[in-house]
Amino acid sequence: GGDGGGGGGAGTTSGSTTGTTTTQPAQKTAIKSVDVGGRPNNIVMANGKAWVVRSGNSRLVVIDAETAKRKPYSPSVENPSGEAAGFGKLWVINQTAPELVAIGLASHRREGSPVPLPATGKAVAVAAGSNAMWVGIRGNPGLLLRIDPKNRSQPTKTIELPDGAPFLPPPQAI
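Bear in mind that the values here come from a model prediction, so they are computed numbers and not experimental data. (Residues numbered from 1 in each chain as written. Predicted model: local features only at pLDDT ≥ 70, side-chain atom pairs only at ≥ 80, totals over all residues. Heavy atoms only, no water.)

### Let's talk about the pairing of strand S4 (residues 80-86)
Next up, step 1: In terms of residue burial, S4 counts as a mostly covered element, since six of its seven residues are buried.
Next up, step 2: Both S4 and strand S5 (residues 89-94) contribute to a ladder of five bridges, which runs antiparallel. Each residue of the ladder has a partner; that of Ala84, found in S5, is Trp91. (Buried < 20%, exposed > 50% of the residue type's maximum accessible area, 1.4 Å probe, protein only. Helix = DSSP H or I, 4+ residues; strand = E, 2+ residues; numbered from the N terminus. Pairing = 2+ DSSP bridges.)

Here you go:
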């Protein structure tokens, strides 16, 4: 085979020895690395920046995604365990309090009152949905909390997650 037209596009090599074509993707390498001064536990990309929480450090590291340089500000959240961007804010779990803290993506500062979280279990995960923030609490039972980002008072819905059933409860529990 082949049409006699020659090689492939950029980043590929073609050859025809027995009527077959071999295509290999171009190699990609890391362009820059940034020392975050500790063990990164979570990274969120939002508002042109990489927001990094580190184990054992209350200061977040903020890196400009375009230049890969650390920004001069570093918001602080005690014992951070997870973060997610949503509703114009970076939401960070403070495991010590426990609470969900909002940091403005533009202001780089805490905004509004933190949302108190249940003292039982351990808050370990946070995600942004289309109209709510969701927080995962590790415990027995585990909990999934739905939090309204506007009123921030208490969880608007709590879903109990039976041990060993991370996605669906067993049929007898429905």
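### Focus on the pattern of salt bridges
Next up, step 1: Per the counting criterion, the structure on display carries two salt bridges.
Next up, step 2: Lys71 serves as the salt-bridge partner of Asp64, at 4.0 Å between the closest nitrogen and oxygen.
Next up, step 3: On the accessibility criterion, Asp64 (18% relative accessible area) is buried. (Salt bridge = Lys/Arg side-chain N within 4 Å of Asp/Glu carboxyl O.)

### Some points on the sheet that holds S5
Next up, step 1: With respect to topology, four strands assemble into an open sheet ordered S4-S5-S6-S7, the strand pairing being antiparallel. Both edges of this open sheet fall to S4 and strand S7 (115-116), since each of them pairs with a single strand only.

### A look at unusual backbone geometry
Next up, step 1: Omega for the bond connecting Ala97 with Pro98 falls within 30 degrees of zero, at -25 degrees, which places this linkage in the cis form.
Next up, step 2: With respect to the element layout, Pro98 can be found in the loop between S5 and strand S6 (99-104).
Next up, step 3: Going from Asn140 to Pro141, the amide bond is cis rather than trans, its omega being 10 degrees.
Next up, step 4: One can find Pro141 in the loop between strand S9 (133-138) and strand S10 (142-147).
Next up, step 5: Phi is positive for Asn47, close to 60 degrees, though the residue is something other than glycine.
Next up, step 6: Position of Asn47 relative to the elements: it lies in the loop between strand S1 (40-46) and strand S2 (49-54).
Next up, step 7: Given a relative accessible area of 46%, Asn47 falls into the partly exposed group.
Next up, step 8: Despite not being glycine, Ala68 shows a phi value in the positive range, around 60 degrees.
Next up, step 9: Structurally, Ala68 is set in the loop between strand S3 (57-64) and S4.
Next up, step 10: Using a relative accessible area of 23% as the deciding quantity, one classes Ala68 as partly exposed.

### Here we look at the sheet that holds S10
Next up, step 1: The strand order S8-S9-S10-S11 describes an open sheet built from four strands, whose pairing is antiparallel. Looking at the sheet topology across the chains shown, the edges are occupied by strand S8 (122-128) and strand S11 (157-161). Taken over all neighbouring pairs, the strand axes of this sheet differ in orientation by 20 degrees on average, direction set aside.
Next up, step 2: Pairing analysis gives five bridges linking S9 to S10, with the strands arranged antiparallel. Looking across to S10, one finds that Val135 is bridged to Leu145. (Axes fitted to C-alpha atoms, helices over the stretch in contact; angles between N-to-C directions.)

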